[in-house]
Amino acid sequence: MKELLGLELKKIYSSKLTFFVMLASLLITSFLYASPPLSEIAVDKNGKQYMGRQALELEKQYANEMAGPLTDEKATESIREFQKLFKNPDNVEISSDGEIALKEDANLKYVQPYYSYYKLINEAYILPSTVDMTFKTMQKLDIDNGANYYNARSIKISKMLNQEYEDWNFSPAEKNFWLGKTEKIQLPYEYGYCWGWDMFLKCGELLMVVILAICICIAPVFAGEYQTHMDSLILTAKYGKSKVIIAKILAAFLFGSIAFFIHAILALALPLAIAGTDGAGLPIQIINVICPYKLTMMSACVVLIITAYMVLLGMISLTLLLSTKLGTTFSTLIVDILIIFVPVFLSISETNGIWNHILLLLPYNALSTGIRDDYFAYFSYPLGNMVMDVMQVRVLLYIILAVILLPFTVKIFKRHQVL
Amino acid sequence: MKLELDRISKQYGNKIALDGISLELQEGIYGLLGANGAGKTTLMRIICGILNPTAGEVKLNGTNNIEMGEDYRDILGYLPQDFGYYPSFKAKEFMLYMASLKGLESNYAKMRTEELLQIVGLSEVANKKVGTFSGGMKQRLGIAQAVLNDPKVLILDEPTAGLDPKERIHFRKLISSFAEDKIIILSTHIVSDVEQIADQILILKKGNLLTQGTVMELTDRVRGKVWECVIDNSELEQFSNKYSIVNQHIQNNQMIIRVVGDDEPDIKNKKVVAPTLEDLYMYYFHENEGRM
Ligand SMILES: Nc1ncnc2c1ncn2[C@@H]1O[C@H](COP(=O)(O)OP(=O)(O)OP(=O)(O)O)[C@@H](O)[C@H]1O
Ligand SMILES: [Mg+2]
């Protein structure tokens, strides 16, 4: 068995196809994950523009000024500071819509450098799934009795869960489920610089490159035997209908796993190497104030990698089935590509919740954590009395998929006829 | 040991490739002769269990080959007509891969691989990639893998295709030396490949088993039906339409043709000659050559 596995592995990794596809996917992945930090642009308080590492250095410096626990008191203080800006006549002008707004240079000096910090505070006071880019809400907030930041967060969560939606309303079980989760999150949040982790979380979909590349490399595992006429030798050999099939399947998963983790580590290491590893332990709530998952930046990245890995396992299993069923590497790849890329063009429905609940599980969409978006962050699947969040459902679904397809693959290969 | 083909038929759509073949094979070498498209490959695939017959079954010592599963494949060796290989594998690796597929213990597999590569004359290129091999070298590698597990039932589909004359002779020796206590079936349309080594000749035509017997028995059937005739060069065209010509050559400015047929040729200058298997083959397959 060990020899068979070794030789099946060798068949995969020694092929020219594998070499070029893996080379290409490593290059593409490196490019996709290194270019955002390298092309990051930041402007300092004097309006001077920086790029790449220097820009990140600057952002880090500004973020560190605000770093630390974001207590109710600190939030109140920060809002007060912010509101004070508008009381200084030198800072303000009347904007085109007739409202008081900060002048360009005041904005540059006092707001822009701390944008993500102010956004985090302002976000607690706006309605779920809405944006307020100029922080008008915070500007007008009455803080005579304190800002009550975490109370505002609770209110926002409750609005999120009790609001009426056209596509899907939360059931009592789902509400309980999410409330239970949000209560476990440690307060106050710790704010800080975490650019590298944050970027990786934003770019989950890019891992599709490696998943597709792996599928290409393993598409010939069965089809290649038919196409090279090795099937007649394999299927007439003693273990040709038993051990060798297992060896092939194991080899595909082993190769896929190794290739995947090399890529995933590279994808994570590049932004961290350029932007710094700071912020690993910060809560993901600093990206989205009502995010219901109790995760740090680093553990969220791990969850993303695990989810992508599960998607990969499912896709490997599917590819193997297609490979043995369709019989050619080419047709296997066509179907794989359709499965991967058709969901890219499907959009969320305004009214059909069931469609949306399916859509979010498709391979491409499954690579997007959705944690920075209120709607996607609270995506749950009620199964009878049990409720599962979208991350759990994805992991479960793809493991099940990976497992249940295998017996079909084995059966089809065993019964293959040499015509 | 008894290998039994029980009324085997195979249809591809409307096309009948095999039409109720029944046969009982004991230890020995069987030469399966047949023109292109006669159904040799189809029959061999069915015997090997990689193609389901439309009707009928294959039995080894009374048990269905598919039911026997692993036990059947364990004693089977097969050289397909067009078989694959992995271009990036070295010859030795390919053999070791086949050996592990066949369940050979790894030390034994190594020894056996070396021995067989030696026998088929590939030991010098054992560490070369199969992708760089010539057609004949691949064919010899194919033969070597077929006998790796010392099979009791050995099925060789056109084993001599692509081999040069020297290799053909070598191959015949190899098979004869290997044949003891085994059932070997080899298909070919080259009569001389089997004439000397086959114990039994099976003649397959359009999916039917026309006849079977030893070379002597079969050639006896055309005894008195083979003539060597001397004709004029100009008459060749006319006669070749009329008779089955096995052979023709020019000697002392005269054309000599070898004719096989039920009817005595209407040629003055002729003599009856001793028949060979080739004459028999032409006797059965003549119409495929153009007439009819
Ligand atoms: N997959 C197939 N689909 C349809 N017809 C087929 C198929 N395979 C074989 N046939 C037909 O069945 C008949 C027997 O084919 P087979 O390959 O068994 O002949 P053969 O004796 O091995 O010929 P050759 O000497 O050319 O190898 C032929 O007429 C062929 O056209
Ligand atoms: Mg054939």
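Rules used in this analysis
- Residues numbered from 1 in each chain as written.
- Chains lettered and ligands numbered in written order.
- Predicted model: local features only at pLDDT ≥ 70, side-chain atom pairs only at ≥ 80, totals over all residues.
- Heavy atoms only, no water.
- Salt bridge = Lys/Arg side-chain N within 4 Å of Asp/Glu carboxyl O.
- Helix = DSSP H or I, 4+ residues; strand = E, 2+ residues; numbered from the N terminus.
- Buried < 20%, exposed > 50% of the residue type's maximum accessible area, 1.4 Å probe, protein only.
- Donors = N, O, S within 2.8 Å, 3.2 Å for Na, K, Ca; no water.
- Pairing = 2+ DSSP bridges.
- Contact = heavy atoms within 4.5 Å.
- Axes fitted to C-alpha atoms, helices over the stretch in contact; angles between N-to-C directions.
- Domains from an automatic or database assignment.
- Buried area = accessible area lost by both parts, 1.4 Å probe.

### Some details on the pattern of salt bridges
All names here are of chain B.
Logical step 1: By the definition in use, this model includes 28 salt bridges over all chains.
Logical step 2: When the shortest N-O distance is used, the salt bridge between Glu167 and Arg140 registers 3.6 Å. In this pair, Glu167 sits in helix 7 (residues 165-178) while Arg140 sits in helix 6 (residues 135-146), placing the two residues 27 residues apart along the sequence.
Logical step 3: According to the relative accessible area criterion, Arg140 is buried, its value standing at 15%.
Logical step 4: In this structure, Arg258 and Asp279 form a salt bridge, with 2.7 Å as the shortest nitrogen-oxygen distance. Here Arg258, found in strand 13 (residues 254-260), pairs with Asp279, found in helix 11 (residues 277-285); they are 21 residues apart in sequence, far enough to count as distant.

### Thoughts on the coordination of the magnesium ion (ligand 2)
Logical step 1: Thr41 of chain B (OG1) and Gln81 of chain B (OE1) make up the full set of protein donors to the magnesium ion (ligand 2), lying at 1.8 to 2.1 Å. Of this pair, Thr41 of chain B sits in helix 1 (residues 40-48) while Gln81 of chain B is found in the loop between strand 6 (76-79) and helix 4 (91-101), placing the two residues 40 residues apart along the sequence.

### Some words on the sheet that holds strand 1 (residues 3-12) of chain B
All names here are of chain B.
Logical step 1: Reading across from one edge, 2-1-4-5 is the order of the four strands in this open sheet, with antiparallel pairing throughout. At either margin of the open sheet sits one strand with a lone partner, and together these are strand 2 (15-25) and strand 5 (63-64).
Logical step 2: Pairing between strand 4 (residues 55-60) and strand 5: two bridges, direction antiparallel. Bridged to Leu60 within strand 5 is Thr63.
Logical step 3: Together, strand 1, strand 2 and strand 4 form the strand contacts of helix 1, whose direction differs from that of strand 1 by roughly 125°.

### Observations concerning the domain arrangement of chain A
All names here are of chain A.
Logical step 1: Under the domain assignment, chain A is made up of domain 1 (2-39 + 193-414) and domain 2 (68-167).
Logical step 2: Using C-alpha coordinates to define each centre, domain 1 is positioned 39 Å away from domain 2.
Logical step 3: At the junction of the two partners, domain 1 supplies 15 residues and domain 2 supplies 14 residues.
Logical step 4: For the pair domain 1 and domain 2, the two sides together bury roughly 1200 Å², of which 60% comes from carbon and sulfur.
Logical step 5: Considering only the side of domain 1, the residues that lose the most area to domain 2 are Val289, Ile290 and Tyr378, jointly responsible for 45% of the buried surface there.

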